[in-house]
Amino acid sequence: MTDKPVILLRTPLFYGARDKLDALFTVYEYGMKITPEIAPQIKALVGDGQARITAEDMDQFPNLEIIAQYAVGFDGIDLEGAKKRNIRVSNTPGVLTEDVADMAVALFLTLKRNIIQNDKLIRAGGWVNKEEIPLSHSASNLDVGVFGLGRIGEAIAERLAPMSKSISYCTRHKKDVAWAYYDNIADLAKAVDVLVLAAPGTAETKGLVNKDVLEALGSKGVLINIARGSLVDEDALIEALEKGIIAGAGLDVFAHEPKVPAGLTQSSKVVLQPHLGSATVETRTTMAHLVIDNLLAFFAGKPLITPVI
Ligand code: NAP
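Residues numbered from 1 in each chain as written. Predicted model: local features only at pLDDT ≥ 70, side-chain atom pairs only at ≥ 80, totals over all residues. Heavy atoms only, no water.

### Quick notes on the domain arrangement of the chain
- When its domains are assigned, the chain resolves into domain 1 (6–95 + 281–299) and domain 2 (97–272).
- For domain 1 versus domain 2, the distance between C-alpha centres works out to 31 Å.
- If you look at the interface, domain 1 gives nine residues, while domain 2 gives seven residues.
- Here domain 1 packs against domain 2, burying approximately 660 Å² in sum over the two surfaces, 39% of which is carbon and sulfur.
- On the domain 1 side of the interface with domain 2, the three residues burying the most area are Q50, D75 and G94, jointly 56% of the side's total.
- Across the domain 1-domain 2 interface, the total number found is one salt bridge.
- Residue D75 pairs with R228 through a salt bridge whose shortest N-O separation is 2.8 Å.
- Of the residues assigned to the side of domain 1 that touches domain 2, the class counts are three nonpolar, five polar and one charged. (Domains from an automatic or database assignment. Contact = heavy atoms within 4.5 Å. Buried area = accessible area lost by both parts, 1.4 Å probe. Salt bridge = Lys/Arg side-chain N within 4 Å of Asp/Glu carboxyl O. Nonpolar A, V, L, I, M, F, W, Y, C, P; charged D, E, K, R; others polar.)

### Some thoughts on the layout of surface pockets
- The computed volume of the second largest pocket comes to approximately 550 Å³.
- In this structure, the second largest pocket is lined by 25 residues; those nearest its centre are L111, N114, Q117, S268 and K269.
- Breaking the lining of the second largest pocket down by element, the ones donating at least two residues are α4 (97–112), α5 (115–123), α10 (262–265) and β12 (270–272).
- For the lining of the second largest pocket, the residue count by class is 11 nonpolar, nine polar and five charged. (1 Å grid on protein atoms, 1.4 Å probe; cavity = no way out; pocket = protein on both sides within 12 Å on 5 of 7 lines; lining within 4 Å. Points joined across faces, edges and corners; volume = space filled by probe spheres on them. Helix = DSSP H or I, 4+ residues; strand = E, 2+ residues; numbered from the N terminus.)

Printed below as a string of structure tokens:
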């Protein structure tokens with residue numbers, strides 16, 4: 001037994017503040033054997049954007065008091081189950097906004113300008129006759145639509161606005177911004193060349209990007225997803241890419257991570273990243289400190305800094 005609160009890290013990642021975490025808490029890690037003696041000692045779980053924490057998972061820890069997410073998204077946590085047990089939940093909003101927005105722009109430019117194909121071509125000694133290298137497509141002067149204009153969506157819109165013909169957005173509540181508002185994703189998709197997803201993974205957003213939305217986006221349209229894989233009907237996306245219903249996709253998130261279907265990995269029309277939107281040294285360090293600060297506040301009986309519930 002120890003005086004330090006006992007926590008279980010459900011993520012192997014905890015960049016830049018692991019020493020501090022170890023100094024302040026007794027830490028068990030994901031993958032370690034949690035014996036019946038240890039389980040009742042665990043007061044806090046730390047999960048990441050991919051972690052699934054069900055009510056059943058919580059029930060393994062009879063004295064669990066807080067889940068501190070090392071992510072802004074909390075779609076993997078059964079919030080109702082947590083509420084029933086009076087378990088608090090915190091996340092890391094705001095501190096990762098800029099890096100995730102950068103990732104959306106990077107996916108967009110990489111996709112439009114064939115950066116990956118042409119990098120591979122040079123490395124394979126294929127730069128012989130420049131005329132044979134296919135032209136890419138302009139990323140400027142396009143109509144851009146952002147689905148979910150929160151912290152990250154707005155940062156993406158601000159980045160793309162100076163180079164785009166127009167910015168439009170869709171949220172449930174119209175915002176006080178100059179950009180054009182759509183109250184549904186199908187109309188937004190129809191109006192734009194680039195559809196960027198930046199809304200949370202919820203029951204309401206699940207599978208919203210379906211065959212109809214992809215058809216509305218159209219054969220010159222591209223989809224960029226840095227939100228959650230659950231927003232997209234992945235089978236419909238693969239079919240849309242294969243049939244030329246849309247031109248391409250830049251994806252940081254997938255429906256069943258870390259599994260990515262062959263229809264995507266084998267497509268030359270996509271740019272893929274393994275859910276790394278916030279994964280920079282700087283941001284992951286700041287996120288780790290925010291997780292620790294939430295845990296410290298909680299165990300000191302103070303309000304959570306960034307509470308979810
Ligand atoms: P946020 O500030 O809460 O913004 C969410 C936005 O989505 C709001 O504008 C909200 O507006 C809108 N929204 C919510 N439900 C909607 C619906 N059913 N239809 C239309 N719009 C809806 O969150 P954030 O910090 O920008 O983060 C957004 C998401 O990005 C996170 O939830 C997370 O899943 C994802 N993310 C991914 C990564 C990565 O590594 N790829 C990293 C961080 C975050 P209304 O409430 O008005 O609808």
